[in-house]
Amino acid sequence: MEHESFEDGEVAGLLNREYVAVKVDREERPDIDQVYMAVCQAMTGQGGWPLTVILTPDRNPIFAGTYFPKHSRYGRPGLMDVLSRLADKWRNDRKEVLEFAERITQEVRDSMEADRRGEAVPELLDQAYRLYERLFDSEYGGFGGAPKFPSSHNLSFLLRYYRRTGEDKALRMVERTLDGMRRGGMYDHIGFGFARYSVDEQWLVPHFEKMLYDNALLAWTYLEAYQLTGKREYAETAEQIFEYVLRDMTDPEGGFYSAEDADSEGREGKFYVWRPDEIANVLGAEDGDLICEWFGITEEGNFEGDSIPNLIGQDAEAFASERGMTVEELQRRIEHSRARLYEHREKRVHPGKDDKILTAWNGLMIMALATGYKALGRERYLEAARRSADFILRKLRREDGRLLARYRDGEAAYEAYLDDYAFLVWGLIELYEAGFNIGHLQAAIELNERMIELFRDEHQGGLFFTGADGEKLFARGKEIYDGAMPSGNSVAALNLQRLAKLTGDAQLAELAERQLEAFAGAVRRYPPGYAMYLIALDYATSAGGEIVIAGSRDEEETRRMIEAAHRGFRPHTEVLLAVPGPEAEALERLVPAVAGKMPVRGNPAAYVCVDFACQAPVTDAASLKALLDADR
């Protein structure tokens, strides 16, 4: 629409003559997007972007839709026709238009503010699993048909369901999907990172846009799969995602950029596709042939005459054997050639980069990097997470402590939304458990308290998307359904559970329970749409524990114990470090459960507690690992 209509002089003339044209960045103002997307769905039965809405001067909607060509064609109304008819209606029958706008506004308001309370019971987890099983694509992985979105929180729920029940198919669904996505063209095999989604069922052809939040959430899920299965390829995928983000999506001051466009030089995907002759020119005939065969790059192509590198159907052992080499030799040659292709590709015209820094999306990447440090021990991941957290807390908090949503070119703007608070608190909790900086835990607790003050619905429970101090739109919604990103309410439900356990705050525990009950009625209608809620419910209904390690950071055995606590997949267990002296006293003021947990006879000690009952301390990492393995 930008190229077809908004840059067109005829359209611009009509718009400027009859309307006040407003363009909204939905990532800066998701509150506006949420409210008027609900209008579009109510008026048309569906939603999507671009979102086109026409409002009265009071901002009540009179028309909504998605894409409109300039002129009507194939039964689809054109923008010129729509604008002309509505302008005529406004001039000649304004009373009827205003009555309609008031009526649709009230209907949407009633829908968005409906009571969705119910009983939060573990049976919802089983109900969700059965529906995921029914939706699963056993051939290519994922759920449903094309287009396919990664929705990694679905997979992270299934990992927890497998741990909870031992249901093998839950794990098989996760692995089939992770393998399918990683092999497909949705993954950038040359420069790393995942594209937005796949337009086909086998993950081959992506919408080439790369989003920070997708890569954060996918790294998280691949890491959890690695922690659970020990399969190195999952760790490697997360490492490559982080390589991409730290190389291409990181601001010099530490924040993370939002996205990279799909288009370059006016064509979608041009930056990412190849032809065999270009590969041969870069690598030479022998290595060029090898790479073309390995990545499926052919003369016919698989995307508008060019080829998207992919590994669908590829088997490293068979491929290497047919060419008389070992798998290790094959991998060395592929990596050497990939690096050369990457250097060559860097000379192309790059897609545009959205360099605004969003608090919510940075919170997700902080969470992923902290998880990466815990699972893999890479110090640079911890440092990158710390820098981002410090950037957000320094640049995107007002003097009164109010969090802001967006930073760009030295300007921080827009009062933060629920997702900003919830995702950043999630990241800070994970960052504390990775690096044990008490300041990060303190910030998580403080931001969580402010979130409750600003967003809490005192009557029906749950949290509004906008703060009490935000711009007043015609409705104040509470989102629970997961989209490409998990619901802020569901992430907040998980945060509340964890902070209640850590702090021992009974009021916080009660609020955490109410948070789940506030949406249980909606979740019951279709549980697979609420994977992050299910993750929070799984946490609330599982035997939760703490591992408290008492010892100096400088001692080798302390470090080994921390590594033992971090490496496994224990989604219901919190890890704390009590360093003897003032630091332990400061932690005890936040987390009373660490009281009395001291080194034993001068040696570092680990205390494993489940449901408020602690076992005798162990004083070496091997004993801690044995204890944790037995609990699994």
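Scoring rules and cut-offs
- By convention here, each chain's residues receive numbers from 1 onward along its written sequence.
- Residues qualify for local features only when their pLDDT is at least 70, as the model is predicted, and side-chain atom pairs are given and counted only at 80 or more; totals for whole chains, interfaces and linings, by contrast, use all residues.
- Derived side-chain values reflect all non-hydrogen atoms in the structure, with water molecules and hydrogen atoms excluded from consideration.
- A helix here means a DSSP run of H or I that spans at least four residues, while a strand means a run of E at least two residues long, and both kinds are numbered starting from the N terminus.
- Note on definitions: a residue-residue contact is assigned when non-hydrogen atoms from the two residues lie within 4.5 Å.
- Cysteine sulfur atoms are paired as a disulfide whenever they fall within 2.5 Å.
- Under the scheme applied here, a residue whose accessible area is under 20% of the maximum for its type counts as buried, over 50% as exposed, and between as partly exposed, the area being computed with a 1.4 Å probe on protein chains only.
- Strands were regarded as paired on the criterion that DSSP finds at least two bridges between them.
- Only protein atoms enter the 1 Å grid, on which a cavity is a set of points fitting a 1.4 Å probe that cannot get out and a pocket is an open set with protein on both sides within 12 Å along at least 5 of 7 lines, lining residues being those with an atom within 4 Å of a point.
- Grid points are joined across faces, edges and corners, and a volume is the space filled by probe spheres set on the points.
- Between the N-to-C directions of two axes lies an angle of 0 to 180 degrees, each axis being a line fitted to C-alpha atoms and, for a helix, fitted only over the stretch in contact.
- An angle below 35 degrees is read as roughly parallel, one above 145 as roughly antiparallel, one from 65 to 115 as roughly perpendicular, and any other as oblique.
- Here a crossing is taken to be left-handed if its near helix is turned anticlockwise relative to the far helix by less than a right angle, and right-handed if that turn runs clockwise.
- Residues are sorted three ways: Asp, Glu, Lys and Arg are charged, Ala, Val, Leu, Ile, Met, Phe, Trp, Tyr, Cys and Pro are nonpolar, and all the rest, Gly among them, are polar.

Trainee: So what's going on with the side chain of Thr558? Which residues, and what values?
Mentor: Position of Thr558 among the secondary structure elements: in helix 23 (residues 556-567). Once residues lying within four places of it in the same chain are set aside, the contact partners of Thr558 are Ile549, Gly551, Ser552, Leu577 and Pro604.

Trainee: Could you give an account of the state of the cysteines, with specific residues and numbers?
Mentor: Every disulfide links exactly two cysteines, by a covalent bond between their sulfur atoms. Scanning all chains against the criterion turns up one disulfide. Note that Cys609 is cross-linked by a disulfide to Cys614, the S-S spacing being 2.0 Å. Judged by the sign of its S-S torsion, about 100°, the bond between Cys609 and Cys614 is right-handed. Judged by relative accessible area, which is 42%, Cys614 ranks as partly exposed.

Trainee: Break down the pairing of strand 1 (residues 52-55) for me, citing the residues and quoting the values.
Mentor: Every second residue of strand 1 is oriented toward a common face, the buried set being Thr52 and Ile54 and the non-buried set Val53 and Leu55. As defined by bridge partners, strand 1 adjoins strand 2 (residues 61-65) across four bridges and the pair is classed as antiparallel. Counterpart to Leu55 in the pairing with strand 2 is Pro61. Counting the residues that bridge the hairpin from strand 1 to strand 2 gives five residues, and of these Arg59 lies at a positive phi of roughly 75°.

Trainee: Describe the layout of surface pockets, with residues and values.
Mentor: Space left empty within the atom packing is revealed by a probe, the size of a water molecule, rolled over the atoms. Counted as a void, the second largest pocket has a volume near 910 Å³. In this structure, the second largest pocket is lined by 25 residues; those nearest its centre are Arg182, Glu236, Trp294, Leu311 and Gln331. Where the lining of the second largest pocket is concerned, the elements lending two or more residues are helix 8 (168-183), helix 10 (232-248), helix 12 (285-295) and helix 14 (327-345). Take the lining of the second largest pocket: its biggest share by element is seven residues, from helix 10.

Trainee: Could you give me a rundown of unusual backbone geometry, with the residues and numbers involved?
Mentor: Here the amide bond leading from Trp49 into Pro50 is cis, since omega sits at 5°, within 30 degrees of zero. Residue Pro147 follows Ala146 across a cis peptide bond; omega there is -10°. Tracing the backbone through its elements, the reader meets Pro147 in the loop between helix 6 (123-135) and helix 7 (152-165). You will see that Arg59, though not glycine, has its phi angle at about 75°, which is positive. Tracing the backbone shows Arg59 in the loop between strand 1 and strand 2. On the accessibility criterion, Arg59 (37% relative accessible area) is partly exposed.

Trainee: Lay out the packing of helix 10 against helix 16 (residues 379-395) with the relevant residues and their values.
Mentor: Relative to each other, helix 10 and helix 16 sit at 45°, their axes nearing to 12 Å. Classed by the angle they form, the pair helix 10 and helix 16 counts as oblique. When the axes of helix 10 and helix 16 are compared, the crossing they make is left-handed. Across the interface between the two elements, Glu239, Phe242 and Leu246 of helix 10 pack against Arg380, Tyr381 and Ala384 of helix 16. Residue composition of the contact of helix 10 with helix 16, grouped by class: four nonpolar, no polar and two charged.

Trainee: An account of the sheet that holds strand 15 (residues 605-610) is requested, with residue identities and associated values reported.
Mentor: Taking strand neighbours across the sheet as the criterion, the four strands line up as 14-13-15-16 in an open arrangement whose pairing is mixed. Each having just a single partner strand, strand 14 (573-578) and strand 16 (613-614) make up the two edges of the open sheet. Where strand 13 (residues 545-550) meets strand 15, six bridges bridge the pair, whose relative direction is antiparallel. Across the sheet, Gly545 pairs through a bridge with Val610, a residue of strand 15. Here helix 23 sits on the sheet and contacts strand 13, strand 14 and strand 15; the angle it forms with strand 13, its principal contact strand, is near 165°.

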